[in-house]
Amino acid sequence: MTDKIVVFSSCGSAEEAERIARRLVEDHLAACVNVIASARSFYRWKGVIESAEECLLVIKTSRDLFERLRVVLEAAHSYELPEVLALPIVAGSPGYLDWLEGELTGD
């Protein structure tokens, strides 16, 4: 098990997804953010089943930076209740994990 995590969050537009992705990388809270342009989401919100076209953020970071990343992401997000889910990275290429570590300063 590593101290690295992948965080998922969905956004309502490509512009918002790109703005949040750039901010997280600029702030060294994420080493890399993939923006997956078209995801169809189905969910229950306030008692009604909804569906929406969204962009999915796949954010690579560390456990130590999660709370700061969460605060920045939620503040920058347009949703009333943004998705912010973290999954552990149990293993990975040593070179890629070293690169992640070098990019995650949280400055």
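Report follows, based on the coordinates.

What counts, and where the lines are drawn
- Residues numbered from 1 in each chain as written.
- Predicted model: local features only at pLDDT ≥ 70, side-chain atom pairs only at ≥ 80, totals over all residues.
- Heavy atoms only, no water.
- Helix = DSSP H or I, 4+ residues; strand = E, 2+ residues; numbered from the N terminus.
- Buried < 20%, exposed > 50% of the residue type's maximum accessible area, 1.4 Å probe, protein only.
- Arc of directions from axis to C-beta.
- Contact = heavy atoms within 4.5 Å.

A look at unusual backbone geometry
Then, number 1: Positioned with a positive phi, histidine 28 is a non-glycine residue whose angle comes to about 60°.
Then, number 2: Within the secondary structure, histidine 28 sits in the loop between α1 (14-26) and β2 (32-45).
Then, number 3: On the basis of relative accessibility, which here comes to 27%, the residue histidine 28 falls in the partly exposed class.
Then, number 4: A positive phi angle, close to 55°, is found at lysine 46, a residue other than glycine.
Then, number 5: Structurally, lysine 46 is set in the loop between β2 and β3 (48-62).

A word on helix α2 (residues 66-76)
Three- or four-residue spacings in an α-helix give side chains the same orientation, since the helix completes a turn every 3.6 residues.
Then, number 1: Residues of α2 that are buried: Phe66, Leu69, Val72, Leu73 and Ala76. For α2, the angular spread of buried residues about the axis comes to 130°, placing them on one side.
Then, number 2: In the core, the buried residues of α2 are packed alongside β1 (4-11), α1, β3 and β4 (85-88).

Let's talk about the environment of isoleucine 89
Then, number 1: Tracing the sequence through the fold places isoleucine 89 in the loop between β4 and α3 (94-103).
Then, number 2: Between the C-alpha atom of isoleucine 89 and that of valine 6, which follows or precedes it by 83 residues, the distance is 6.7 Å.
Then, number 3: Residues within four places of isoleucine 89 in sequence aside, it is in contact with Met1, Thr2, Lys4, Ile5, Val6 and Leu97.

The values are spatial; any link to function lies outside them.
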